[in-house]
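Okay, here's what each chain looks like letter by letter:
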Amino acid sequence: HHFAKDDAEASAVSVKAGTDLDCGRTFNALVDAVHRNLLTTQELDEAVVRLFTARMRLGMFDPPERVPFSKLTIADDATPAHAEVALEAARKSIVLLSNKRNTLPLKSGARIAVVGPTAELIQILEGNYNGTALAPVLPLTGIRKQFGAEKVTYSAGSALAEGFLSPIPSSVLHPAADSKENGLRGEYFDNTNFQGQPKLTRVDPLLDFDWDHVSPAPGMQKLGWSARWTGVITPPGAGHYEFSFKMARPPRQARNAMDQTGEGPLGGSTAVVAHPLRIFIDDKQVFDITEGKPRFELDFADARPHSLRVEYVRTAQDRNVSMQWLPPAQPLLDAAVESAKQADVVVAFVGLSPDLEGEEMSVRVAGFDGGDRTEIGLPQVQENLLQAMKATGKPLVVVLTSGSALAANWANENADAVLEAWYSGQAGGQAIAETLAGRNNPSGRLPVTFYRDLKDLPPFTDYSMKNRTYRYFNGEVLYPFGYGLSYTNFAYRDARPGATAVRAGSPVKASVEVRNSGKVAGEEVVELYVAAPGDAGVEHPTLAGF
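Note that the structure is a prediction, hence the values are computed from the model and not measured.

1. Topic: the nonpolar core
At step 1: Membership of the largest hydrophobic core comes to 81 residues, with the highest contact counts inside it found for Trp-229, Phe-243, Phe-245 and Met-389.
At step 2: Dropping the residues within four chain positions of it, Met-389 is found in contact with Val-115, Ala-336, Val-337, Ala-340, Val-346, Lys-394 and Leu-396.
At step 3: Within the second largest apolar cluster, 30 residues are counted, among which are Val-347, Ala-431, Ala-433 and Tyr-487.

This is how it looks when you write it as structure tokens:
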């Protein structure tokens, strides 16, 4: 961060400031820092005492029978009570940013065209550094259940970002050419070479899964199984398509060993492992992961259905298993426009995903660099989608998914309603659907400022706080920190502090009367801001409580 000359100086400054733990390698220089008298052994000891105090309080040095956490098992994890907490957290986190002419809640019986590349991404439920949900509810799934599947159509409309591959949407997949059901027929075998009868057969809406340390279904093992998906894929139009498949696969040496002996990471298995991944289109093999190529390309001359078969062998853990594509932009957009024309209202799911924003990722597309964001607006392909939806003349509801602020200026000015749903957890799809239907009255507030333009912010390498965060920013923002609307109205009156003067360091109580002055039940988050008198170095009031 260009703050210190070397690791020893940076480590010494950090420890003195209270940073007791470094998850990287910089603190390897602490010995050098002590030798150079940049840090005393007493200061080092204080950090060590704090670290080990925390570990002792967690019971890490006690016999297991004295530690309550040691009695917990996996059965204590995904319980109905925990699922209810996840749903309630998702409901309360949704922020209503705009609602012109009371477009929301949506009317019962409305025909809904769901569009957008994040409507059925499991990644936008999970975020980064996540656990694995056993029964995640995608936004599209939640809307179909809430409003009726016969009232809802879906078309992705765009990629996440220009040049970025995304999971193939369910709308172009069918278990058979004459089937109206979306998805592929999946056959799951309890061995690694598709032998015998399937242990499980089902229709999977799309090939985009998180099986990290979990099995694909009750009664199946976590590793050492195979799956075959069959059906048809209908490209939205003629043109050039790129495909890839994200998956876990054992190292080449281990894979070769299993091919020859049937042994390896699975530990003593006697079954020969089939190719980890093969893909067939129109009964012709187009991809084999053992060839070492990360993706393949195809040219479709038409928009007719093509048979698809995917054979996958699960032998190693991975967070994501996903068949992805990058189709031509115009046919994808045209399909969404046709879907919107047949509907009463359009609900567009746009924003980011943890595959775009995160920590040290191999992402190099417009607006994103290695997981960092070089722009704060929506990717241009998604802006194009929103503008095309607006041009149909249908009411447009925009649902933003992201882990950080978005300069959604066009949506704010042109959409009929805007929701920020964040990365909403395993029950996110249900909570979003309930909010669109009015069963959940949104009460979330923004925990960050939504700026209008990257030009309004100082360079990232400028570590002063000038013009940063709600406390120091002096420009015009899109949505301020703490902002959030409701389907009802609240009236505030008689706000007052408990004292006219206060001594530094002493507590003071404040009170205000809040009344629901609208027509529906709702919940209001009351925020208390405090400003220091005179010039105390704070440019704006600071959130003191809520």
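After presenting the structure, the write-up continues.
2. As for the pattern of salt bridges
At step 1: Under the criterion given, the structure shown has 28 salt bridges.
At step 2: A salt bridge links Arg-278 to Glu-311; its shortest N-O distance comes to 3.3 Å. Taken as a pair, Arg-278 in strand E11 (residues 277–281) and Glu-311 in strand E14 (residues 306–314) lie far apart in primary sequence, 33 residues in all.
At step 3: Its relative accessible area of 7% is what places Glu-311 among the buried residues.
At step 4: Each of the salt bridges in this network shares a partner with another, and the network as a whole consists of Glu-84, Glu-88, Arg-91, Lys-92, Glu-434 and Glu-523.

3. Concerning the pairing of E14
At step 1: Most of E14 is tucked away, with seven of its nine residues classed as buried.
At step 2: Pairing between strand E9 (residues 225–233) and E14: nine bridges, direction antiparallel. Its bridge partner being in E14, Ala-227 is matched across the sheet by Tyr-312.
At step 3: Relative to E14, E11 runs antiparallel, the two sharing five bridges. Each residue of the ladder has a partner; that of Ile-281, found in E14, is Leu-308.

4. Here's the deal with the side chain of Asn-412
At step 1: Mapped onto the fold, Asn-412 is located in helix H10 (residues 409–414).
At step 2: Engagement of the side chain of Asn-412 in a polar contact is seen with the side chain of Tyr-479, the distance being 2.8 Å.

5. Re the layout of surface pockets
At step 1: In this structure, the largest pocket encloses a volume near 1400 Å³.
At step 2: The set of elements that each furnish at least two residues to the lining of the largest pocket consists of helix H4 (80–93), helix H6 (139–147), strand E3 (152–155), strand E7 (200–204) and strand E8 (208–209).
At step 3: In terms of residue class, the lining of the largest pocket is built from 26 nonpolar, 13 polar and nine charged.
At step 4: Taken as a whole, the second largest pocket encloses approximately 780 Å³ of empty space.
At step 5: As for the second largest pocket, its lining consists of 25 residues, and the residues nearest its centre are Arg-373, Ile-376, Leu-454, Leu-457 and Phe-460.
At step 6: Here the lining of the second largest pocket is built from residues that sort into eleven nonpolar, eight polar and six charged.

6. Side note on the confidence of the model for the protein
At step 1: Looking at the protein, the pLDDT average stands at 92 and 94% of residues meet or exceed 70.
At step 2: Per-residue pLDDT stays below 50 along residues 250–270; that stretch engages in 32 contacts with residues further than four places along the chain or on separate chains.

7. Here's the deal with the packing of H4 against helix H11 (residues 428–437)
At step 1: Relative to each other, H4 and H11 sit at 45°, their axes nearing to 8 Å. Considering the angle they form, H4 stands oblique to H11. Helix-helix and strand crossings are classified by hand; for H4 and H11 the assignment is right-handed. Where H4 approaches H11, its residues Leu-87, Ala-90 and Arg-91 are matched on the opposing element by Gly-428, Gln-430, Ala-431 and Glu-434.
At step 2: When grouped by side-chain class, the residues that make up the contact of H4 with H11 number three nonpolar, two polar and two charged.

8. Describing empty space enclosed by the protein
At step 1: Under the counting rule described, the total for this entry stands at one cavity of 30 Å³ or more.
At step 2: Roughly 110 Å³ of volume is contained in the largest cavity.
At step 3: Of the residues belonging to the lining of the largest cavity, the class tally is eleven nonpolar, two polar and one charged.

Each value, and the rule that gives it
Residues numbered from 1 in each chain as written. Predicted model: local features only at pLDDT ≥ 70, side-chain atom pairs only at ≥ 80, totals over all residues. Heavy atoms only, no water. Core = buried A, V, L, I, M, F, W, Y, C linked by side-chain atoms within 4.5 Å. Buried < 20%, exposed > 50% of the residue type's maximum accessible area, 1.4 Å probe, protein only. Contact = heavy atoms within 4.5 Å. Salt bridge = Lys/Arg side-chain N within 4 Å of Asp/Glu carboxyl O. Helix = DSSP H or I, 4+ residues; strand = E, 2+ residues; numbered from the N terminus. Pairing = 2+ DSSP bridges. Polar contact = N/O pair within 3.5 Å; in protein donor to acceptor, adjacent residues only side chain to side chain. 1 Å grid on protein atoms, 1.4 Å probe; cavity = no way out; pocket = protein on both sides within 12 Å on 5 of 7 lines; lining within 4 Å. Points joined across faces, edges and corners; volume = space filled by probe spheres on them. Nonpolar A, V, L, I, M, F, W, Y, C, P; charged D, E, K, R; others polar. pLDDT = per-residue confidence, 0-100. Axes fitted to C-alpha atoms, helices over the stretch in contact; angles between N-to-C directions. Parallel < 35°, antiparallel > 145°, perpendicular 65-115°, else oblique. Left-handed = near helix turned anticlockwise from the far one by under 90°.

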